[in-house]
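# Structural description and commentary
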Amino acid sequence: MTAGLLLFVTACSSSLVIKKVNFAQPLESVLTPNNNGMVKDVRDGLKFNVMPLQYAETKDTSSVTTQDVHLIRGHEGYYYVTAKGYKDVFVMAPSDGTLKLKKKIHINDQGLQNPAFNQRAPYIQLLNGSSASYDLTKDGIKGKEK
Amino acid sequence: MDIRIYNKTKRIAALLLFLMVGASLTLQAQAQQTQQSDYQIVQSFKKTYDNLNQQIDQATSVDQINSVITDINNFDTKYSSHKQLLDNALYPKTYDQEIQNLKQRASTTASRLKVLQSQSQKLAELNQEVANYSQQLQALNSKTDSLGNLMHRMSGRNAHMSRLIAEYRKSIKERNNFISSVIDSLFITYKNLKLSSVKSEAGKKSQIGANGNALKLIENIANNNTNFIDSHPTLTTAEYLKMDAVQKQFSDMWNKLGDKLVKIFAPNNQTKARNDVEQALNKWQSKVSNYTWKAVAATFKEQNIDLGSFKNGSGFYSSLKNYLDNAIKRSRQHADDQEYNKFQTFSSLWNDTVKTQWADNLVKANAMTYQDIATIDQKVSTWGQLTQPKSYAMFIYLGIAIIIIIILAFMLYRAKSTPDTSDDKG
């Protein structure tokens with residue numbers, strides 16, 4: 001009786017946790033910002049404004065200069081976001097109506113010419129055309145994590 | 001010895017270098033192969049998929065669809081290695097479903113186009129057949145015309161004429177039979193032809209010219225026969241009746257197939273095409289009907305049988321019925337030798353000509369039914385019974401028999417009443 005009551009109280013008071021969840025999105029989404037910089041992924045309903053990322057990359061928000069935004073969710077639940085011309089990949093953690101920067105992974109100084117994400121668990125593969133590929137984790141490029 | 005070892009070492013080094021370069025290139029190629037954007041693969045798959053779907057819709061020949069089917073198989077081979085990725089990307093559909101769908105659609109289209117192709121080939125054959133009919137009819141017309149002309153020129157030379165007349169009759173019969181066979185052939189072939197599949201193809205052909213156009217053939221046959229009747233006034237009643245039957249057959253065929261033929265051969269001008277043919281058929285019908293019933297009436301008149309005037313089969317039947325009813329009535333009141341002679345003349349014409357030579361064509365021309373013929377036949381028989389001369393043979397035989405019986409009875413009586421004298425003698 002006491003044990004059952006204890007279990008009930010525990011179940012009600014503590015948060016329910018499901019472990020070993022795989023958030024991996026099998027295919028990247030390529031989203032085109034509207035005039036305000038808003039992008040919407042019709043497949044999973046994700047919607048956000050890309051201007052903070054553009055500002056982080058270019059220090060300019062006078063107009064939407066970001067072309068197609070490439071986005072993929074890793075198996076741990078982080079979003080990997082970049083766009084053509086960006087020098088970095090932003091690893092964003094979803095939380096309470098926000099996407100919070102977890103890690104900014106610097107790829108190169110020239111900017112990405114033709115970025116594309118592939119789901120290659122346990123990594124996110126970033127391609128830059130067919131010339132270069134990077135295996136990314138939430139902490140950085142594989143082998144170069146800091 | 002040292003040099004040999006040196007050379008051998010050099011060769012091994014070169015070989016190793018070659019292998020390393022080869023391995024490096026292979027790895028690089030593999031790396032490049034793996035460095036493909038999944039997103040691009042999916043996009044490319046979708047684009048090609050849509051394109052193939054479009055090609056299926058646009059295919060207009062068996063060759064084209066076969067080429068699309070080959071492309072689909074190549075497409076499947078190319079993307080099957082990305083099946084897992086595409087299953088995810090295409091969810092809730094699957095890669096296999098999409099490929100199956102594509103193959104199924106292509107297969108259905110291929111079947112449809114094969115039917116179309118076979119129908120087009122069939123139509124081409126039919127057009128050729130129709131063209132051949134036109135030529136044959138032309139040849140038969142020429143033959144009959146020339147025989148007719150020859151007969152006209154030869155009139156008076158009896159010995160030669162009888163052979164010519166026989167040949168002329170034969171050519172007219174041949175011509176009628178040929179037109180009947182055209183009707184049968186047109187009916188059987190066009191009846192089973194799928195309209196939707198041949199419309200466009202035939203439409204093109206009809207615009208090219210009259211050759212091979214069934215509509216034109218029908219119109220030509222109708223016009224031809226109208227002219228033929230005018231230009232051959234020496235036809236017999238049986239020949240007119242045969243022509244009338246052929247005309248009816250032709251009109252029946254037109255009533256059943258006309259709509260279809262018009263849609264096939266004159267898709268852009270249906271009303272005019274229909275009117276042209278119907279006008280020609282009506283003219284032919286009117287002409288042949290007029291000549292036929294005049295000829296039938298004349299045949300009876302030649303035998304001094306006045307049926308009155310009639311313009312069609314039902315009129316002919318009514319006239320026959322009235323004539324026989326009156327004759328029967330007359331014979332009931334007073335049957336004499338004159339009436340008997342009338343009966344014999346009529347009976348001979350009815351049995352030897354109408355029933356033997358005309359009946360089939362009267363029925364085929366919808367002029368009379370076999371029931372009508374049987375009704376008339378019954379009346380002829382009744383009339384015959386009433387006009388038959390009375391026979392007295394029976395009475396004569398009966399009288400003779402009675403006389404013989406009386407004589408025999410008398411002789412028997414006499415034999416019994418005579419006294420026996422033999423005992424007196426003994």
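Residues numbered from 1 in each chain as written. Chains lettered and ligands numbered in written order. Predicted model: local features only at pLDDT ≥ 70, side-chain atom pairs only at ≥ 80, totals over all residues. Heavy atoms only, no water.

All names here are of chain B. Scanning all chains against the criterion turns up 18 aromatic pairs over all chains. Judged by centre distance (6.1 Å) and plane angle (80°), the ring pair of Tyr323 and Trp383 falls under edge-to-face. Of this pair, Tyr323 sits in helix α11 (residues 313-333) while Trp383 is found in helix α13 (residues 370-387), placing the two residues 60 residues apart along the sequence. In terms of burial, Tyr323 and Trp383 fall into one category: buried. Three or more aromatic residues joined by ring pairs make a cluster, and in this case those are Trp293, Phe300, Phe310, Phe316, Tyr323, Tyr340, Phe343, Phe346, Trp358 and Trp383. (Phe/Tyr/Trp six-rings, centres within 6.5 Å; stacked < 30°, edge-to-face > 60°. Helix = DSSP H or I, 4+ residues; strand = E, 2+ residues; numbered from the N terminus. Buried < 20%, exposed > 50% of the residue type's maximum accessible area, 1.4 Å probe, protein only.)

Moving on to the nonpolar core. Residues and elements named next belong to chain B. Of all hydrophobic cores here, the largest spans 36 residues; its most connected members are Leu215, Ile221, Phe250, Trp254, Leu261 and Trp284. When contributions to this core are tallied by element, the ones reaching two or more residues are α5 (95-154), α6 (158-191), α8 (214-231), α9 (237-265) and α10 (270-302). Looking at this core element by element, the count peaks at 11 residues for α9. (Core = buried A, V, L, I, M, F, W, Y, C linked by side-chain atoms within 4.5 Å.)

Quick look at a nonpolar patch on the surface now. Together, B:Ile396, B:Tyr397, B:Ile400, B:Ile403, B:Ile404, B:Ile407, B:Leu408, B:Phe410 and B:Met411 line one region of the surface with nonpolar side chains, adding up to about 940 Å² of accessible area. When you line up the elements, B:Ile403 lands in helix α14 (residues 393-417). (Patch = residues over 30% accessible without salt bridge, like charges linked within 9 Å, V, L, I, M, F, W, Y side chains within 5 Å. Areas by Shrake-Rupley, 256 points an atom, 1.4 Å probe, with all protein chains shown as cover. Salt bridge = Lys/Arg side-chain N within 4 Å of Asp/Glu carboxyl O.)

With that settled, consider α8(B). Counted at 1.5 Å a residue, the expected span for α8(B) with its 18 residues is 26 Å, and the 25 Å between its end C-alpha atoms agrees. Every buried residue of α8(B) is listed here: B:Ala214, B:Leu215, B:Leu217, B:Ile218, B:Glu219, B:Ile221, B:Ala222, B:Asn225, B:Thr226, B:Phe228 and B:Ile229. (Expected span 1.5 Å × (residues − 1).)

Every contact between the two is made by 11 residues of chain B and, on the other side, 15 residues of chain A. Roughly 970 Å² is buried in total at the junction of chain B and chain A, and carbon and sulfur atoms are behind 54% of that figure. Per-residue buried area on chain B facing chain A is highest for B:Gln35, B:Asp38 and B:Tyr39; these three make up 60% of the total on that side. Linking chain B with chain A are one salt bridge. Here B:Asp38 makes a salt bridge to A:Arg120, at a shortest N to O gap of 2.9 Å. In this assembly, chain B and chain A are joined by three residue pairs in polar contact (both at pLDDT 80 or more). Only α1 (2-34), α2 (38-58) and α4 (83-90) of chain B provide two or more residues apiece to the side of chain B that touches chain A. (Contact = heavy atoms within 4.5 Å. Buried area = accessible area lost by both parts, 1.4 Å probe. Polar contact = N/O pair within 3.5 Å; in protein donor to acceptor, adjacent residues only side chain to side chain.)

Time to look at α13(B). All names here are of chain B. Here α13 spans 26 Å end to end across 18 residues, near enough to the 26 Å set by a 1.5 Å rise per residue. For α13, the set of buried residues is Asp372, Ile373, Ile376, Lys379, Val380, Trp383, Gly384 and Thr387. With its buried residues spanning 145° around the axis, α13 presents them on a single face. Those residues of α13 that are exposed and angled more than 90 degrees off the buried face are Tyr370, Gln371, Gln378 and Gln385. Buried residues in α13 make contact with α11 and α12 (337-364). (Arc of directions from axis to C-beta.)

Residues and elements named next belong to chain A. With respect to topology, four strands assemble into an open sheet ordered β8-β9-β10-β11, the strand pairing being antiparallel. At either end of the open sheet lies a strand with only one pairing partner, and these are β8 (115-120) and β11 (140-141). Pairing of β8 with strand β9 (residues 123-128) involves six bridges; the strand directions are antiparallel. Opposite Phe117, over in β9, you have Leu126 as the bridge partner. (Pairing = 2+ DSSP bridges.)

Now for unusual backbone geometry. In this chain, A:Ala121 is followed by A:Pro122 through a cis amide linkage whose omega measures 10°. The omega torsion of the bond from B:Tyr91 to B:Pro92 falls at 15°, within 30 degrees of zero and hence cis. Mapped onto the elements of the fold, B:Pro92 is located in the loop between α4 and α5. Residue A:Asp96 is not a glycine yet carries a positive backbone phi of 45°. The class of A:Asp96 is exposed, set by a relative accessible area of 78%. Of note, the phi angle at B:Asn304 is positive, near 60°, even though the residue is not glycine. Here B:Asn304 shows up in the loop between α10 and α11.

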